[in-house]
Amino acid sequence: NESINIVFLGMAISDFCVNILSVWFTVTCSINESNPPNFPFEPLSFLVMTAVIPKFFFINSTCWLTALVAIMRCLCVVLPFKVGVLFTPRRTAVLTIVVFAFFVFLYSTAYFRNEFVLVFFPEINASLYIMVEYSKGAVIDDTVYYLGFVAMPMVNMFIVICCTLILVIKVKASVNWRNIAQSGKSFSMEKKSVPVTGRESVTKEGKLTKMVVTITSVFIACNMPNNLVIMARSFEPEFSERGKYQFIFIMIHDVMYILETVNSS
């Protein structure tokens, strides 16, 4: 309906921004690899602050808009007569805008946890601006950081999975009920030689079930690695772009880059 189309429009805009930032991410990666002379920033810090963090804005906005679609679809099955009242087009549009604004504000807190500091690198005999994290609690409460980067992505995944499972169960129950009803109808009308109808609707329900399962599988496959990396960083400080496990961290992020692009395509 119109309300879900509004959310889909928001997801399309968010995914478009993700793809644009993916291109910029590739450009900044080339800067990081080539390490051009007279570049005032340490390449990796420049990549994180201008490409990685902005992508968080739209990636997580897409995730929560996906959760909103899952909730709306779930309510369409569970409470079909109330979903139209709860999610009017105007309310849905406002809610979509609020989702964007909230997550842009929430994930922009990363800029308040870090700053660029001029550091001298003797190996290149030059001073570069490098990203340095403030001491914990100096600028922003760590609770906000872990809420936005740890708790909320996991809650988002939980909501999408639960709503989709409910939808799949309800759709399968509806398909089974139609099959039983059509079997009874076919038996009672066998003497009149009336063909069995309703097969088309059953086929549509089956296709809907497969579509929902596919969407859920793609969403989980593309977003779960990101959630696992965020949780790993919260438990192991050395699991970072400059820590002890730098190689594994960068390798996983390369895979996540591909998955994020697939999810937003």
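Report on the accompanying structure.

What counts, and where the lines are drawn
Residues numbered from 1 in each chain as written. Predicted model: local features only at pLDDT ≥ 70, side-chain atom pairs only at ≥ 80, totals over all residues. Heavy atoms only, no water. Helix = DSSP H or I, 4+ residues; strand = E, 2+ residues; numbered from the N terminus. Buried < 20%, exposed > 50% of the residue type's maximum accessible area, 1.4 Å probe, protein only. Contact = heavy atoms within 4.5 Å. Pairing = 2+ DSSP bridges.

**Quick word on the side chain of Ser 14**
- Here Ser 14 shows up in helix 1 (residues 2-34).
- The class for Ser 14 is buried, based on a relative accessible area of 0%.
- The residues contacting Ser 14, other than those within four sequence positions of it, are Phe 58, Ser 61, Thr 62 and Phe 100.

**Here's the deal with the environment of Ala 70**
- Inspection of the secondary structure assignment puts Ala 70 in helix 2 (residues 43-78).
- Accessibility expressed as a relative area gives 12% for Ala 70, which makes it buried.
- Between the alpha carbons of Ala 70 and Leu 165 there is a distance of 9.9 Å; along the sequence they are 95 residues apart.
- Sequence-distant contacts of Ala 70, defined by excluding residues within four places in its chain, comprise Val 160, Cys 163 and Thr 164.

**Some remarks on the pairing of strand 1 (residues 114-121)**
- Sheet topology places strand 1 next to strand 2 (residues 126-133); eight bridges connect them, and they run antiparallel. Following the sheet pairing, Val 119 is matched in strand 2 by Leu 128.
- From the end of strand 1 to the start of strand 2, which pair antiparallel, there are four residues, and Asn 125 there has a positive phi angle of about 55 degrees.

Taken by themselves, the reported measurements are silent on function.
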